[in-house]
Structures are given as C-alpha cells and as structure tokens.
Amino acid sequence: MLVAPSILAADFLHLERDVQLVNDHADIFHLDIMDGTFVPNISFGFPVVEAIAAKAQKPMDVHLMIVEPWKYAERFAKAGASMISFHYEAALDRSRELIGNIQSMGVKAGIVINPDCPVKNIFPLLDVADFVLIMSVFAGFGGQKFIPESLDRIKAVSARIRQIGRDIPIEVDGGIGPDNAGAVADAGASILVAGSSVFKAPDPVQAIQFMKNARR
Ligand code: DX5
Ligand code: ZN
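Before going into details, it helps to say that this report is about the structure given with it. On a predicted model such as this, the values are computed, not experimentally measured, just so you know. (Residues numbered from 1 in each chain as written. Chains lettered and ligands numbered in written order. Predicted model: local features only at pLDDT ≥ 70, side-chain atom pairs only at ≥ 80, totals over all residues. Heavy atoms only, no water.)

**Digging into the overall build of the protein chain**
Looking only at helices and strands, one finds nine helices and eight strands in the protein chain. Compactness check: the protein chain gives a C-alpha radius of gyration of 16 Å against a globular reference of 17 Å for 216 residues, within 12% of the reference. Projected onto its principal axes, the C-alpha positions of the protein chain cover 40 × 35 × 30 Å. With 216 residues in all, the protein chain has 52% of them scored as buried. Sequence-distant contacts, at least 24 apart, represent 65% of the contacts inside the protein chain between residues at least 6 apart. One finds the centroid of the 20 positive side-chain charges in the protein chain at a distance of 4 Å from the centroid of its 25 negative side-chain charges. (Helix = DSSP H or I, 4+ residues; strand = E, 2+ residues; numbered from the N terminus. Rg over C-alpha atoms; globule rule 2.2 N^0.38 Å. Buried < 20%, exposed > 50% of the residue type's maximum accessible area, 1.4 Å probe, protein only. Contact = heavy atoms within 4.5 Å. Lys, Arg positive; Asp, Glu negative; His and termini not counted. Charge placed at Lys NZ, Arg CZ, Asp CG, Glu CD.)

Pasting the structure below:
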C-alpha cells in the first residue's frame with residue numbers, strides 16, 4: 001500500500017519538518033489545491049508547491065479542486081507534479097482531452113469523483129486515465145469523517161478496471177486512518193491519502209507504517 005500524506009494537514013510553520021517526514025517514511029506528497037469556487041475553501045498555490053518541490057524526494061500528487069482545471073494543469077506540471085488529478089464534475093465533456101494534455105506533459109493523469117457522482121460517469125475514461133481518485137468525503141476540507149458507502153464505490157471502480165483489462169491504481173482520499181485503511185485496501189485501493197491521521201497523530205511515523213501495511 002502506498003501512503004500519500006495530505007500536506008493540507010501539515011504544520012505550515014514547520015513545513016520543512018513535515019516534508020522530511022514524507023521523504024523519510026511515506027510514498028507520495030498529496031497536495032490539495034482549492035479555489036474557493038469549485039469547493040467552499042481556499043488552500044494554497046504555486047509558491048507553496050514550488051517550495052515543497054525544492055525539498056521533495058518523493059513524487060508530488062496534485063489534487064485540483066478547481067473550476068476550469070485545464071487553465072492550471074500545465075503550471076502544476078512545471079512546478080514539478082508527477083501526478084495531477086482533476087474532478088470529473090469540473091471538466092465533464094472535456095475530461096478525456098484534459099487527461100491527454102496532462103499526459104503529454106509527462107505527468108500521470110487522474111480523474112476524481114466526489115461521493116455524490118455516480119461511478120459509472122467515469123467508466124468511459126478508465127481506458128485512458130493513469131489513476132482514479134475516489135473521494136471518501138466531499139472535497140473541500142480536511143478532517144472530515146470517512147463515508148462508509150465509499151467502500152462499495154471503490155469495489156465497483158476496481159471491478160470495472162479489471163473488466164476492461166487494465167491495472168491502474170485507485171487512490172482514496174478523505175477520513176482515512178489506521179482504523180479503516182485495511183477495509184479501504186481490501187475494497188481495491190492502492191494509494192491512501194491521509195491528512196489528519198498522519199500530521200495530527202501523536203506518532204506520525206507509526207500511523208504511516210500501519211497504513212503501509214494495510215492488506216492488498
Ligand atoms: C479534502 C482533501 C483531502 C484532505 C484529506 O478535500 O482532498 O486530501 O486533505 O484530509 P483528511 O485525511 O484529514 O480527511
Ligand atoms: Zn485531496
């Protein structure tokens with residue numbers, strides 16, 4: 001299992017320390033970009049991503065929670081992202097083209113869905129996407145409670161991916177911690193995003209290790 005700590009929950013006054021924690025113990029930097037329009041919250045932008053890029057020894061995974069994601073994908077690619085995902089709800093008919101554009105920048109392209117978006121909406125994109133990000137809370141805020149129905153959605157997407165003969169990773173994001181990592185892994189996830197359960201834990205290294213060992 002790969003663990004992707006969400007920097008949204010890091011201590012911004014000790015960001016270098018938290019970046020080093022990911023370098024030393026986790027697998028991927030998960031960077032949440034919120035625009036105050038697609039979601040009712042604003043996170044951080046290019047200066048923070050570039051500062052992390054200068055110290056990151058693990059791949060950077062940029063999760064765009066913004067309207068018109070095609071306007072900014074290239075800048076995040078130039079800032080050093082190895083993975084960029086955008087919401088299907090924000091791109092709709094332009095999703096396939098945007099996946100191709102992201103890939104042409106040498107970056108892995110992921111499609112994200114919120115908990116109220118039927119999984120079948122993204123089935124037509126599974127032949128081209130490099131990964132899928134299934135939200136297990138509504139995008140916009142860290143520290144929310146995992147929505148249990150997400151497990152069936154992960155299973156459905158996982159089954160469809162196998163059905164079409166592909167083997168792309170499913171990333172799951174929102175309310176994940178040592179208590180539910182096993183169930184999320186069993187459902188078919190292979191990348192676990194975790195914000196609060198890592199950075200607010202008394203022992204972040206132990207929390208990461210536990211999730212890395214979740215079955216699958
Ligand atoms: C929510 C973000 C998540 C968030 C996860 O919109 O996409 O990545 O930071 O935080 P936790 O793990 O605290 O739910
Ligand atoms: Zn995220």
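So that's the structure; there's more coming.
**Quick word on unusual backbone geometry**
A positive phi angle, near 50 degrees, is found at E68, a position not held by glycine. For E68, the position within the fold is in the loop between strand 3 (60-65) and helix 3 (73-78). The class of E68 is partly exposed, set by a relative accessible area of 33%. Its identity as a non-glycine residue notwithstanding, L92 has a phi of 45 degrees, on the positive side. Note that L92 resides in the loop between helix 4 (88-91) and helix 5 (95-104).

**Focus: the sheet that holds strand 4 (residues 83-87)**
On the basis of which strands lie adjacent, the open sheet formed by eight strands has the order 1-8-7-6-5-4-3-2 and parallel pairing. Edge positions in the open sheet fall to strand 1 (2-5) and strand 2 (29-34), since each of these has one partner strand only. With direction set aside, neighbouring strand axes in the sheet form an average angle of 25 degrees. Sheet analysis places strand 4 next to strand 5 (residues 108-113), joined by five bridges and oriented parallel. The residue bridging I84 from the neighbouring strand is A109, located in strand 5. (Pairing = 2+ DSSP bridges. Axes fitted to C-alpha atoms, helices over the stretch in contact; angles between N-to-C directions.)

**Thoughts on the site of ligand 1**
Close to ligand 1 lie 20 residues, the nearest being D32, G140, D173, G195 and S196. In the model, an oxygen atom of ligand 1 is placed 2.8 Å from a nitrogen or oxygen of the G143 main chain. Interatomic distance of 2.8 Å between a backbone N/O atom of G175 and an oxygen atom of ligand 1. Protein chains bury 99% of the 380 Å² of accessible surface belonging to ligand 1 in isolation. Looking at the shell around ligand 1, the elements that each hand over two or more residues are strand 2, strand 3 and strand 8 (191-194). When residues of the shell around ligand 1 are assigned to their parent elements, the largest contribution, three residues, is made by strand 2. Looking at the shell around ligand 1 residue by residue, the classes come out as eight nonpolar, 10 polar and two charged. (Near = heavy atom within 4 Å. Polar contact = N/O pair within 3.5 Å; in protein donor to acceptor, adjacent residues only side chain to side chain. Areas by Shrake-Rupley, 256 points an atom, 1.4 Å probe, with all protein chains shown as cover. Nonpolar A, V, L, I, M, F, W, Y, C, P; charged D, E, K, R; others polar.)

**Remarks on the packing of aromatic side chains**
In this structure the tally under the stated criterion is three aromatic pairs. With 6.0 Å between their ring centres and 55 degrees between their planes, F12 and F44 make a pair best called tilted. Linking F12 in the loop between strand 1 and helix 1 (15-25) with F44 in the loop between strand 2 and helix 2 (46-53), this pair joins segments that are 32 residues apart in sequence. For F12, a relative accessible area of 41% translates into the label partly exposed. Take F44: its relative accessible area is 10%, and that puts it in the buried class. (Phe/Tyr/Trp six-rings, centres within 6.5 Å; stacked < 30°, edge-to-face > 60°.)

**Observations regarding the coordination of the zinc ion (ligand 2)**
The protein atoms that coordinate the zinc ion (ligand 2) are H30 (NE2), D32 (OD), H63 (ND1) and D173 (OD), at distances of 2.0 to 2.3 Å. Considering all six donor atoms around the zinc ion (ligand 2), angles at the metal cover 70 to 168 degrees and the coordination shape is octahedral. Since its relative accessible area comes to 0%, H30 is described here as buried. Accessibility expressed as a relative area gives 0% for H63, which makes it buried. (Donors = N, O, S within 2.8 Å, 3.2 Å for Na, K, Ca; no water. Tetrahedral: all angles 85-135°; square planar, octahedral: opposite > 155°, others 65-115°.)

**Brief notes about the environment of A10**
Its place among the elements puts A10 in the loop between strand 1 and helix 1. Here the alpha-carbon distance between A10 and G195, two residues 185 residues apart in the chain, equals 7.5 Å. For A10, the contacting residues outside a window of four places in its chain are L15, D18 and F199.

**Some thoughts on the side chain of D18**
Within the secondary structure, D18 sits in helix 1. Using a relative accessible area of 6% as the deciding quantity, one classes D18 as buried. Filtering out sequence-adjacent residues up to four positions away, D18 remains in contact with A10, D11 and F199.

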